[in-house]
Amino acid sequence: MTDDAGASAQAKPRIIIIGAGFAGIGAAIRLLQSGEDDFVILERGDELGGTWRDNVYPGCRCDVPSHLYSYSFAPNPDWQRTYASQEEIWAYLRSTADRFGVLPHIRWSHRVIDAIWDDAEGWKVQTDHGAIRCQYLVAATGSLAEPSTPGIPGAASFAGTLMHSARWDRSHDFAGQRVAVIGTGASSVQIVPSIQPTVEHLTVFQRTPGWVLPHPDRPIKPWERRLFRLFPPAQRLIRSITYWQREIVLVSAFTKFDGLRMVLERRVKRHLTNQVSDPELREKLAPDYQLGCKRALPSNDFYPALTQPNVDLVTVPIDRIESGGIVTVDGELHPVDAIVFATGFFVTDNPIGDHVSGREGHRLSEAFTGELSSYLGTTFPDFPNFFMLTGPNTGTGHTSQIFMIECQLNYVIDALEALGNRSDTVAEVLPSVADAFTEDVQQRVKQTVWASGCASWYLNKFGRNVTIWPDYTFAYRRQTRHFDPSDYVIGHRSVEARSPVVAGGTE
Ligand code: NAP
């Protein structure tokens, strides 16, 4: 389909949101609540839910408490467990989108090929169904959207089944098979204990041991659910307590008080000592970096699964894959029938970044390499009328990502209200404002546990932490509460694209 044919076939919405995960659905709800219904969501799948739609591996469960891992404006009194399963979260997201009237705005199976800013005409979003123009573009494409499978030599010659944790094939039956799981991160610690009882043999390939914490998950009792339904403030209170505990204890330990972190480390180490009696295995599983540097892993059944007679933990690096299994650098062949890559995602190098272009051909991916500054991880110089949700340094390693998304949504809604209804308004953050913000974040992140020397997916290929918010999240909330027009060059396209007529300085 040509651009023009596609464009003429599509109405021109004022706003396009890319992605119908937690961020995109949240954006749509907040737009509707603010009285704005001139928008569409472009969703590449035929179901909404983002990472909670895609990660269907056995045992998938959120490691942030349910009462906190939900929209503040849509509490769910019916959570079945204190840490919800993938099925429950996905159902929550679908029913919330339906309840708030979002579904008619979604264009299903619309894959965005690229999005390009044009000074004369605004954003043009090319999809596999044609092009659509809009005034404002919101990227809600998520950080954990594109599975990363390491290019281990010989993988194509493997005779058995290969699967990534985020592309789980439910039709495959692992029962009675010899299975390898590569990786020991958040996905692996849930998969390993889920499949260990049914497989004949499980070989877990560990490159770096994680910090595994006791998991406080439990069923929520029927009387508790009744209480939350009849008396919603009770649930709000639990949400608040959970939020503040995590801020005060974890952020303080990870960003301010080393002594507190060391106390937590001693307590967490007891979990390993209590669950693994074999000194050799314990040694292999003991992390040698600071707690929190990589995302900590709550699990009560990962260590016990590794102690089972049908499980081997291999710490010798992988050399190659052959048709019959995995060969480690010591030359040993580990024969397997199936290989699960629990190897994470393209986060700082999410491919979508190369397909969103602002002025002068600048690409969004530059915001993750460090070449492009961001303001509040949300707006970027040379990207007019553009907002990114879960953008650079808006991630959290200790609390609900939905909290951060809602902070960004407050900002976006406030911005759109401040910019008004004219269809030719153009707003672009001042480079000086974005540079100052990014420099400040980068200075602060250097003082935190997230820059304490371990390799993690929070870092880009240059070792720069472009993922984590380095402070209390309430500080981010404070910064995103209001859109300040003086941080932007705001003009009207029909007058002169970059002349500041509402507010803002000159460049
Ligand atoms: P991850 O945390 O990035 O873990 C990937 C694992 O694969 C690591 O152990 C890594 O080792 C290993 N690995 C990567 N490449 C490898 C290679 N070439 N050879 C050997 N090992 C290799 O990925 P994830 O477990 O999918 O989790 C990603 C994020 O998703 C989490 O941090 C979390 O934010 C989210 N998540 C959350 C939940 C939850 O809420 N419960 C569940 C799943 C995922 P190194 O450590 O040495 O790099």
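On a predicted model such as this, the values are computed, not experimentally measured, just so you know.

**Student:** An account of the overall build of the chain is requested, with residue identities and associated values reported.
**Tutor:** When its secondary structure is counted, the chain shows 14 helices and 21 strands. Over its C-alpha trace the chain gives a radius of gyration of 24 Å, about what one expects of a compact globule, namely 23 Å for 507 residues. Along the first, second and third principal axes, the C-alpha atoms of the chain reach 75 × 50 × 45 Å. When the 507 residues of the chain are sorted by exposure, 56% land in the buried category. Taking all contacts inside the chain whose residues are at least 6 apart in sequence as the whole, residues at least 24 apart take part in 70%. When the accessible surface of the chain is totalled, it reaches about 21200 Å², and 52% of it is carbon and sulfur.

**Student:** Any details on the domain arrangement of the chain? Residues and values, ideally.
**Tutor:** Taken as a whole, the chain is organised into domain 1 (15–56 + 86–146 + 346–492) and domain 2 (155–218 + 226–341). For domain 1 versus domain 2, the separation of C-alpha centres amounts to 29 Å. With 28 residues of domain 1 at the contact, the number on the domain 2 side is 24 residues. Between domain 1 and domain 2, roughly 2200 Å² of surface is buried when both sides are summed, and carbon and sulfur atoms account for 53% of that area. For the domain 1 face of the interface with domain 2, the top three residues by lost area are His398, Val449 and Tyr472, together amounting to 29%. The interface formed by domain 1 and domain 2 includes two salt bridges.

**Student:** Give me the packing of aromatic side chains: which residues, what numbers.
**Tutor:** Taken as a whole, this structure holds 28 aromatic pairs when the rule is applied. Taking 6.1 Å as the distance between ring centres and 65° as the angle between the ring planes, the aromatic pair formed by phenylalanine 380 and phenylalanine 383 counts as edge-to-face. Its relative accessible area of 0% is what places phenylalanine 380 among the buried residues. Phenylalanine 383 gets classed as buried once you look at its relative accessible area, which sits at 1%. Three or more aromatic residues link up through ring pairs in this structure, and these residues are Phe22, Trp52, Tyr69, Tyr71, Phe73, Trp79, Tyr92 and Phe100. Its end group placed over the ring of tryptophan 90, arginine 94 keeps NZ or CZ at 3.9 Å from the ring centre. Across from the ring centre of tryptophan 469, 5.2 Å away, lies the NZ or CZ of arginine 444, which sits over that ring.

**Student:** Describe the sheet that holds strand β5 (residues 122–127), with residues and values.
**Tutor:** If you walk across this open sheet you meet the four strands as β6-β5-β4-β18, and the pairing is mixed. The open sheet has two free edges, formed respectively by β6 (130–134) and β18 (356–357), since each of these has just one partner strand. Alignment of strand β4 (residues 112–118) against β5, held across six bridges, turns out to be antiparallel. Paired with valine 112 across the bridge in β5 is threonine 127.

**Student:** Talk me through helix α13 (residues 431–445); I want residue IDs and the actual numbers.
**Tutor:** Taking 1.5 Å of rise per residue, the 15 residues of α13 would be expected to cover 21 Å, and the 21 Å separating its terminal C-alpha atoms lies within 8% of that figure. Taken together, the buried positions of α13 are occupied by Val433, Ala434, Phe437, Thr438, Val441, Gln442 and Val445. The arc enclosing the buried residues of α13, seen along the axis, measures out at 155°, which places them on a common side. If you follow the buried residues of α13, they end up packed against β20 (425–429) and α14 (473–480).

**Student:** For the state of the cysteines, give the residues involved together with the corresponding values.
**Tutor:** Evaluated as defined, the whole model comprises one disulfide. Left unpaired, cysteine 60 is separated from the closest cysteine sulfur, that of cysteine 62, by 8.6 Å. Judged by relative accessible area, cysteine 60 falls into the buried class, the value being 7%.

**Student:** Requested: an account of the site of the ligand, with residues and values cited.
**Tutor:** For the ligand, the set of nearby residues contains 22 residues, the closest of which are Arg61, Asp63, Ser187, Thr208 and Lys294. Residue aspartate 63 places a main-chain N or O atom 2.8 Å away from an oxygen atom belonging to the ligand. Protein burial of the ligand: of its 910 Å² of free accessible surface, 84% is covered by the chains. Across the shell around the ligand, the residue classes tally to nine nonpolar, eight polar and five charged.

**Student:** Before we move on, can you summarise the packing of helix α12 (residues 401–419) against α14 with the specific residues and values?
**Tutor:** Geometry of a packed helix pair, given as the angle between the helix axes and the separation of the axes. Their axes nearest at 8 Å, the elements α12 and α14 cross at an angle of 10°. As summarised for this structure, α12 and α14 are arranged roughly parallel, according to the angle between their axes. The two elements α12 and α14 cross, and the hand of that crossing is left-handed. Mapping the contact onto sequence places Phe403, Met404, Glu406, Cys407, Gln408, Asn410 and Tyr411 in α12 and Thr473, Phe474, Tyr476, Arg477 and Thr480 in α14. A breakdown of the residues in the contact of α12 with α14 according to their chemical character gives six nonpolar, four polar and two charged.

**Student:** Can you explain the pattern of salt bridges? Please cite residues and give values.
**Tutor:** Scanning the entire structure with this criterion turns up 22 salt bridges. Here aspartate 78 ties to arginine 229 by a salt bridge, and the two come within 2.3 Å at their closest N and O atoms. Taken as a pair, aspartate 78 in the loop between α3 (51–54) and α4 (86–99) and arginine 229 in helix α6 (residues 222–230) lie far apart in primary sequence, 151 residues in all. By relative accessible area, arginine 229 is classed as partly exposed at 45%. The salt bridge involving arginine 320 is made with aspartate 319; its shortest N-O contact spans 2.7 Å. Among the residues examined, arginine 320 registers a relative accessible area of 33% and is labelled partly exposed.

**Student:** Please provide a residue-by-residue account of the pairing of strand β1 (residues 15–18), values included.
**Tutor:** By the alternation rule, side chains of β1 split into Ile15 and Ile17 and Ile16 and Ile18, which are all buried. Taken together, the four bridges between β1 and strand β7 (residues 136–139) define a ladder with parallel strand orientation. From the neighbouring strand, isoleucine 17 faces β7, where its bridge partner is valine 138. In this fold, the crossover linking β1 to strand β2 (residues 39–42) by way of helix α2 (residues 22–33) has right-handed handedness.

**Student:** Talk me through the confidence of the model for the chain; I want residue IDs and the actual numbers.
**Tutor:** Looking at the chain, pLDDT values average 94 and 95% of them are 70 or higher. Within the model, pLDDT remains below 50 along residues 1–9, and this stretch shows 10 contacts once partners closer than five positions in the same chain are excluded. Confidence drops under a pLDDT of 50 for residues 496–507, and excluding neighbours within four residues, the segment shows 33 contacts in the predicted structure.

**Student:** Go over α2, please, and point to the residues and values.
**Tutor:** An ideal rise of 1.5 Å per residue puts 16 Å on 12 residues; α2 measures up with 16 Å between its terminal C-alpha atoms. Most of α2 is tucked away: 10 of the 12 residues are buried. The complete set of buried residues in α2 reads Phe22, Ala23, Gly24, Ile25, Gly26, Ala27, Ala28, Ile29, Arg30 and Leu31. Looking at the buried positions of α2, the neighbouring elements they touch are β1, β2, α3, α4, β3 (106–107) and α12. Of the residues one or two after α2, glycine 35 is the one with positive phi, at around 95°.

Criteria and thresholds
- Residues numbered from 1 in each chain as written.
- Predicted model: local features only at pLDDT ≥ 70, side-chain atom pairs only at ≥ 80, totals over all residues.
- Heavy atoms only, no water.
- Helix = DSSP H or I, 4+ residues; strand = E, 2+ residues; numbered from the N terminus.
- Rg over C-alpha atoms; globule rule 2.2 N^0.38 Å.
- Buried < 20%, exposed > 50% of the residue type's maximum accessible area, 1.4 Å probe, protein only.
- Contact = heavy atoms within 4.5 Å.
- Areas by Shrake-Rupley, 256 points an atom, 1.4 Å probe, with all protein chains shown as cover.
- Domains from an automatic or database assignment.
- Buried area = accessible area lost by both parts, 1.4 Å probe.
- Salt bridge = Lys/Arg side-chain N within 4 Å of Asp/Glu carboxyl O.
- Phe/Tyr/Trp six-rings, centres within 6.5 Å; stacked < 30°, edge-to-face > 60°.
- Lys NZ or Arg CZ within 6 Å of the ring centre and 35° of its normal.
- Pairing = 2+ DSSP bridges.
- Expected span 1.5 Å × (residues − 1).
- Arc of directions from axis to C-beta.
- Disulfide = S-S within 2.5 Å.
- Near = heavy atom within 4 Å.
- Polar contact = N/O pair within 3.5 Å; in protein donor to acceptor, adjacent residues only side chain to side chain.
- Nonpolar A, V, L, I, M, F, W, Y, C, P; charged D, E, K, R; others polar.
- Axes fitted to C-alpha atoms, helices over the stretch in contact; angles between N-to-C directions.
- Parallel < 35°, antiparallel > 145°, perpendicular 65-115°, else oblique.
- Left-handed = near helix turned anticlockwise from the far one by under 90°.
- Right-handed = clockwise from strand over helix to strand, strands pointing away.
- pLDDT = per-residue confidence, 0-100.

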